[in-house]
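# Understanding the architecture of this molecule
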Amino acid sequence: MVEYAYTNGNKESAMNFIKNPCPRGPGYDIAFLDRAHAETVRKYHKTFPQYAVTPLVSLKQTAAHFGVSNIYVKNENARFGLNAFKVLGGSYAIGRVIAERLGVPPEEMTYAVLTDPATRAKTGPLTFITATDGNHGRGVAWTAMTLGYDAYVYMPKGTAPERLDNILATGAHAEITDLIYDDVVRYVRKLSEKNGWILVQDTAWEGYTEVSDRIMQGYLTVTDEAAEQLGGATPTHIFVQAGVGSLAATVAAYYSQRYKEAHPFITVVEPDNAACIFQTARANDGRRHAVTDLNTIQAGLACGEPSLTAWEILRQCADGFMTIPDCVAATGMRILASPMAGDTPIEAGESGASAFGAAIELLRPENEAFRKLAGIDENSVILVINTEGATDRENYRRIVWDGQNCRSAADDG
Ligand SMILES: Cc1ncc(COP(=O)(O)O)c(C=O)c1O
């Protein structure tokens, strides 16, 4: 393992990169995240009036500056008008719950069917509940309220008020607790059992995998659109940010099946203070490892326990695991906001820019050792997903305008 240390204010934080040390398959069946399933999911999402294909931005000039062939950013900052990709998972999982009660197969599930007053009359009132750092809960709340149902959303301590307000604006019940994310998940589990509410959680554990699998399938709309937009170009390297790992697992499972021959090098990126997947991979002892600090500006990634299913998939499909200090994500936000001349600027939130920031970090001259490990050279085509826009606008301005979370001058190379 190669390890570098950065000084970020008073705090020492490190960037780590390891190649996947875990034994590869045959293992977990990843067929539920293949192209055929992506087609069904996309067909469903297309029936929403809010649906539009999100842009795949080619940062050709920025890529040239950093010495690679191209950097593509799939930009999810305006998905369904909600600032993040997460609604794709919640809307698919909730749709499946309702469709099942109607006896409608997934292939025939549409927005029109779900919003038909006859549907609501058939299902009666339903209440959905979830824990969230912000984006997932907003997607669940928005979907439930749009389809005529109720939603309860609970958030961890320290959540930015804007993220709470966005959920309250959907009409759902929402509150910030004094718990860390993983304890909020346990709390909503109990509430759902006690009240008979439907838990729509984007992470899996023993006995809870069906809904979370559907949430992961919902994310296939992102991976499938991007593959189509890439046309003939096959990415050689994909960087994907992780909280509990559901998005990363979808990305790894989908692309490793779609690009079977070319096999892009897939790296999972986490904040150094919330690197539960990295710690699990590094330990390589057959157990999932938890972390509890979770102090990071990358709020969407501040999760301390890997999803059961996501880890099973990443163990066999991911190629690298990486941790970054907050300053790397912040630099990613700044470069996306102001790329090389000729490239399109992109508004990206702290968690949104994380994987892009990580990729850029590897491309800096001083990080040649990392590049060698990942096999990055001048022919590399990098794909990342900007998973959110400015979901905390005050902090966005502090970072992008005022230079908060800056790499120290000494480390600038
Ligand atoms: C903006 C953003 N990006 C990435 C993720 C990571 O997704 P996952 O928890 O599935 O790893 C999240 C999770 O909430 C998020 O909000």
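Residues numbered from 1 in each chain as written. Predicted model: local features only at pLDDT ≥ 70, side-chain atom pairs only at ≥ 80, totals over all residues. Heavy atoms only, no water.

To continue, consider the overall build of the protein. If you tally the helices and strands in the protein, you get 17 helices and 12 strands. When its C-alpha atoms are laid out on the principal axes, the protein stretches across 65 × 45 × 45 Å. With 413 residues in all, the protein has 63% of them scored as buried. Sequence-distant contacts, at least 24 apart, represent 74% of the contacts inside the protein between residues at least 6 apart. Counting every atom, the protein has about 15400 Å² of accessible surface; 49% of that belongs to carbon and sulfur. In the protein, 37 positive and 49 negative side-chain charges are present, and the distance between their average locations comes to 3 Å. (Helix = DSSP H or I, 4+ residues; strand = E, 2+ residues; numbered from the N terminus. Buried < 20%, exposed > 50% of the residue type's maximum accessible area, 1.4 Å probe, protein only. Contact = heavy atoms within 4.5 Å. Areas by Shrake-Rupley, 256 points an atom, 1.4 Å probe, with all protein chains shown as cover. Lys, Arg positive; Asp, Glu negative; His and termini not counted. Charge placed at Lys NZ, Arg CZ, Asp CG, Glu CD.)

All right, on to the side chain of threonine 130 then. Structurally, threonine 130 can be placed in strand S5 (residues 127–131). Here threonine 130 falls in the buried class, since its relative accessible area comes to 0%. At 3.1 Å, the side chain of threonine 130 forms a polar contact with the side chain of glutamine 201. Ignoring any residue separated from it by four or fewer positions in sequence, one finds threonine 130 in contact with His136, Gly137, Val140, Tyr152, Val153, Tyr154, Val188, Leu199, Val200 and Gln201. (Polar contact = N/O pair within 3.5 Å; in protein donor to acceptor, adjacent residues only side chain to side chain.)

A few words now on the site of the ligand. Lining the immediate surroundings of the ligand are 15 residues, of which Asn135, Gly243, Gly245, Leu247 and Thr387 lie closest. Interatomic distance of 2.8 Å between a side-chain N/O atom of asparagine 135 and an oxygen atom of the ligand. Protein chains bury 98% of the 380 Å² of accessible surface belonging to the ligand in isolation. Residue composition of the shell around the ligand, by class: five nonpolar, eight polar and two charged. (Near = heavy atom within 4 Å. Nonpolar A, V, L, I, M, F, W, Y, C, P; charged D, E, K, R; others polar.)

Each assigned domain of the protein is listed here: domain 1 (2–85 + 217–411) and domain 2 (87–201). For domain 1 and domain 2, the distance between their C-alpha centres works out to 25 Å. Taken together, the contacts link 39 residues of domain 1 with 24 residues of domain 2. Summing both sides of the interface, domain 1 and domain 2 together bury roughly 2800 Å²; the carbon and sulfur share of this comes to 58%. Contact with domain 2 buries area across many residues of domain 1, yet Tyr44, Leu82 and Thr391 alone supply 24% of it, more than any other trio. Joining domain 1 to domain 2, the criterion identifies three salt bridges. Residue arginine 163 is joined to glutamate 350 by a salt bridge in which the shortest nitrogen-to-oxygen separation is 3.6 Å. (Domains from an automatic or database assignment. Buried area = accessible area lost by both parts, 1.4 Å probe. Salt bridge = Lys/Arg side-chain N within 4 Å of Asp/Glu carboxyl O.)

The end-to-end C-alpha distance of helix H14 (residues 326–337), which contains 12 residues, comes to 17 Å, matching closely the 16 Å that a straight helix rising 1.5 Å per residue would cover. Counting buried residues along H14, 11 of its 12 residues qualify, which places the element largely inside the surrounding structure. Listed as buried for H14 are Asp326, Cys327, Val328, Ala329, Ala330, Thr331, Gly332, Met333, Arg334, Ile335 and Leu336. (Expected span 1.5 Å × (residues − 1).)

Positive phi is not limited to glycine here, since phenylalanine 80 has a value of about 55°. Relative accessible area serves as the criterion here: at 6%, phenylalanine 80 is assigned to the buried category. You will see that asparagine 83, though not glycine, has its phi angle at about 75°, which is positive. Of note, asparagine 83 is situated in the loop between strand S4 (70–75) and helix H3 (87–102).

A separate point is the sheet that holds strand S6 (residues 150–155). A sheet is described by the order of its strands in space; here four strands give the open sequence S7-S6-S5-S8, paired in parallel fashion. A strand with exactly one partner marks an edge of an open sheet, and here the two such strands are strand S7 (173–176) and strand S8 (198–199). Note that S5 and S6 share five bridges and pair parallel. What sits directly across from threonine 130, in S6, is valine 153. Sheet contacts for helix H7 (residues 161–168): S6 and S7; angle to S7, the most-contacted strand, approximately 165°. Most of the contacts of helix H8 (residues 181–195) go to S5, to which it runs at about 160°, and overall it touches S5, S6 and S8. (Pairing = 2+ DSSP bridges. Axes fitted to C-alpha atoms, helices over the stretch in contact; angles between N-to-C directions.)

On the secondary structure map, asparagine 395 appears in helix H17 (residues 393–400). For asparagine 395, a relative accessible area of 8% gives the class buried. At 3.3 Å, the side chain of asparagine 395 forms a polar contact with the side chain of glutamine 404. Residues within four places of asparagine 395 in sequence aside, it is in contact with Ile297, Glu350 and Gln404.

Glancing now at the nonpolar core. Residues Ile98, Phe128, Val200, Tyr255, Ile313, Leu314 and Phe321 are the most contacted members of the largest nonpolar core, which totals 101 residues. Among the elements that line this core, the one with the most residues is H3, at nine residues. Composition of this core by domain shows at least three residues from each of domain 1 (2–85 + 217–411) and domain 2 (87–201). (Core = buried A, V, L, I, M, F, W, Y, C linked by side-chain atoms within 4.5 Å.)

This part covers helix H13 (residues 308–317). Taking burial as the measure, the 10 residues of H13 include eight buried ones, the bulk of the element. Those residues of H13 that fall on the buried side of the exposure criterion are Leu308, Thr309, Ala310, Trp311, Ile313, Leu314, Gln316 and Cys317. If you follow the buried residues of H13, they end up packed against helix H9 (210–218), helix H11 (246–258), strand S10 (265–271), helix H12 (276–283) and strand S11 (320–324).

Turning next to the packing of H3 against helix H6 (residues 135–146). One way to put it is that H3 packs onto H6 with a least axis distance of 8 Å and a crossing angle of 40°. By the angle between their axes, H3 is oblique relative to H6. Like other packed secondary-structure pairs, H3 and H6 cross with a definite hand, here right-handed. Residues Val87, Gly90, Ser91 and Ile94 of H3 touch H6, and the partners they reach there are Gly139, Val140, Trp142, Thr143 and Ala144. Its residues assigned to classes, the contact of H3 with H6 comprises five nonpolar, four polar and no charged. (Parallel < 35°, antiparallel > 145°, perpendicular 65-115°, else oblique. Left-handed = near helix turned anticlockwise from the far one by under 90°.)

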